[in-house]
Amino acid sequence: SHAMGHPNGASLYITDSSPRYRTVVHPSLSEWTLRLTGEEWTYNGLENKWTAPNGHVIWCRSYFRPNTKSADQNSLEGIDCGFACIDEAQTMTEEVMNKALGRIRSAEDLGPRLIICGLPTWGAWWVNSIKDVGGKIIEATSFVNQANLSAEWFDVAKKTLPREEYEAMINNKPAPPSGLAVSTFDPIKHVLGKWEYDPSMSSYLAIDWGFRKPSVLVITHDDSLNADIIQLEFTPNEITISEMTKLILKRVWPRAHQHLAPHQDFIWIDGACGDKAGAARSDQTALSAFRTMGRALPPNGLGMAIRYTTDPIRVDVLNGLSRLRDVFERGGLYLTKSLWDEGINSSSHSIARGLTTYAFDKNGKPQKNDLEHGIDALRYHVINWHWRDSPIQAKRTPQKNRSNRRLKKLKSPRF
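The present account deals with the structure reproduced in this document. Quick caveat: nothing in here was measured; it's all calculated off a predicted structure.

## Digging into the sheet that holds strand S1 (residues 10–15)
Next up, step 1: The six strands lie next to each other as S2-S3-S4-S1-S5-S6, forming an open sheet whose pairing is mixed. Only two strands of the sheet have a single partner each, and these edge strands are strand S2 (42–44) and strand S6 (113–116). Strand-to-strand, the axes of this sheet are offset by a mean angle of 15°, without reference to chain direction.
Next up, step 2: Note that strand S3 (residues 49–51) and strand S4 (residues 57–62) share three bridges and pair antiparallel. Looking across to S4, one finds that Thr51 is bridged to Val57.

The following block contains the structure:
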């Protein structure tokens, strides 16, 4: 409708990723443009822009900026428009708003305008930003879309969604964090009385780096439960990366290098992840923790790439803890009883002690107590492998045997 009222003008539509544009936005725009005008619009796939019969252009962009580039080298540079819309704002940072405002330059009858849309989240940056400049905020519930959503859909949502998520996503009432950081964890529900590891199961390492109190979790996916099981942890004090690697390789071994194992009584590891801080090089060795632990072959290293993300949305602690709470709520994560019993009765920074003590302060921020390292490792596991509802799939590298070159997918739960 804005395009129809501004012949020969220009608009900018921004979302978070190219796949979302191709699978969700593009089909909808194809339908809406024809319905609104009754005429075919022209789409230029090379420039990713739509042109209306009256000459109005809608530029479509996914916002990104490589971490190695400065802020002025982003995907919006070079566009001149009078109206912009930012969609899926919860997946981006305030930088996208600042850059979009810099693109709204063309004078129009009502002046430059910007619309920002996002899912309901507590302390949403786009809501606070609009409040600061005196803009209008619309806090709609899902019920305004009853013409397109059936009564059955609302009923299923109420029955299946966690209470906090239902209130936030359906009723637009996101709650501030309170109490324990992982408040949905319940030892009665999430500690398994009986569970046995099978070597055919896919397993991961989740690593919280640090010399003083590092934490490494061994997490195995169980197809029968459609969930991940934390079955082992390493919680040493004051240990180097090389020493930690040797400690890990006493109990677990990379499946890709099974032929190098001194025996076969190991938990076979198919993937690993850690904090992005592990990519930073040491002042003393000029090597990163990822390279020290991951590059060398066993028994001196894991011989595999260690996954990490620098996405500011994922690495945000509150976002990661929110996702972790949701995983427990949905029954996608458990601890073995032996791990729980040993950890809760120990004096170490175990995952069991962390889950029962790591809490929010009065300002809704996680209050570090030196027992949170296991939760940090678990958070890295979630943000690297299970950030989206459809989990990231990684390839399992087979044992280096010339007669077997097949690649199998890692098994991971649908959180």
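## Points about the environment of Gly301
Next up, step 1: Checked against the element boundaries, Gly301 lands in the loop between helix H9 (289–294) and helix H10 (312–315).
Next up, step 2: Sequence-wise, Gly301 and Arg291 are 10 residues apart; in three dimensions their C-alpha atoms are separated by 8.9 Å.

## Some thoughts on the packing of aromatic side chains
Next up, step 1: What the rule picks out here adds up to nine aromatic pairs.
Next up, step 2: Taken together, a centroid distance of 5.0 Å and an interplanar angle of 90° make the contact between Trp153 and Phe154 edge-to-face.
Next up, step 3: You can call Trp153 partly exposed: its relative accessible area is 36%.
Next up, step 4: Residues Trp253 and Phe266 carry aromatic rings whose centres are separated by 5.2 Å and whose planes lie at 40° to one another, so their mutual orientation is tilted. Residue Trp253 is found in strand S11 (residues 252–254), and its partner Phe266 is found in the loop between S11 and strand S12 (267–269); the two are separated by 13 residues along the sequence.
Next up, step 5: Ring pairing ties together the aromatic residues Phe143, Trp153 and Phe154, which thus form one cluster.
Next up, step 6: The lysine or arginine in question, Arg307, covers the ring of Trp385, its NZ or CZ lying 4.8 Å from the ring centre.

## Let's talk about the sheet that holds strand S13 (residues 271–274)
Next up, step 1: The strand order across the open sheet formed by six strands is S7-S14-S10-S9-S8-S13, and the pairing between neighbours is mixed. The sheet is open, and its two borders are formed by strand S7 (191–192) and S13, each paired with just one other strand.
Next up, step 2: Here six bridges tie strand S8 (residues 203–208) to strand S9 (residues 215–222), and the two strands are oriented antiparallel to one another. Bridge assignment links Leu205 to a residue of S9, and that residue is Val218.
Next up, step 3: Along the sheet face, helix H12 (residues 337–344) touches S7, strand S10 (227–234) and strand S14 (333–336) and points at about 70° away from the line of S14.

## Observations concerning the pattern of salt bridges
Next up, step 1: For the coordinates displayed, the defined rule picks out 14 salt bridges.
Next up, step 2: With a closest N to O distance of 2.8 Å, Asp326 and Arg330 form a salt bridge.
Next up, step 3: The class of Arg330 is partly exposed, set by a relative accessible area of 39%.
Next up, step 4: Lys368 serves as the salt-bridge partner of Glu372, at 3.7 Å between the closest nitrogen and oxygen.
Next up, step 5: Judged by relative accessible area, which is 59%, Lys368 ranks as exposed.

Parameters and conventions
Residues numbered from 1 in each chain as written. Predicted model: local features only at pLDDT ≥ 70, side-chain atom pairs only at ≥ 80, totals over all residues. Heavy atoms only, no water. Pairing = 2+ DSSP bridges. Helix = DSSP H or I, 4+ residues; strand = E, 2+ residues; numbered from the N terminus. Axes fitted to C-alpha atoms, helices over the stretch in contact; angles between N-to-C directions. Phe/Tyr/Trp six-rings, centres within 6.5 Å; stacked < 30°, edge-to-face > 60°. Buried < 20%, exposed > 50% of the residue type's maximum accessible area, 1.4 Å probe, protein only. Lys NZ or Arg CZ within 6 Å of the ring centre and 35° of its normal. Contact = heavy atoms within 4.5 Å. Salt bridge = Lys/Arg side-chain N within 4 Å of Asp/Glu carboxyl O.

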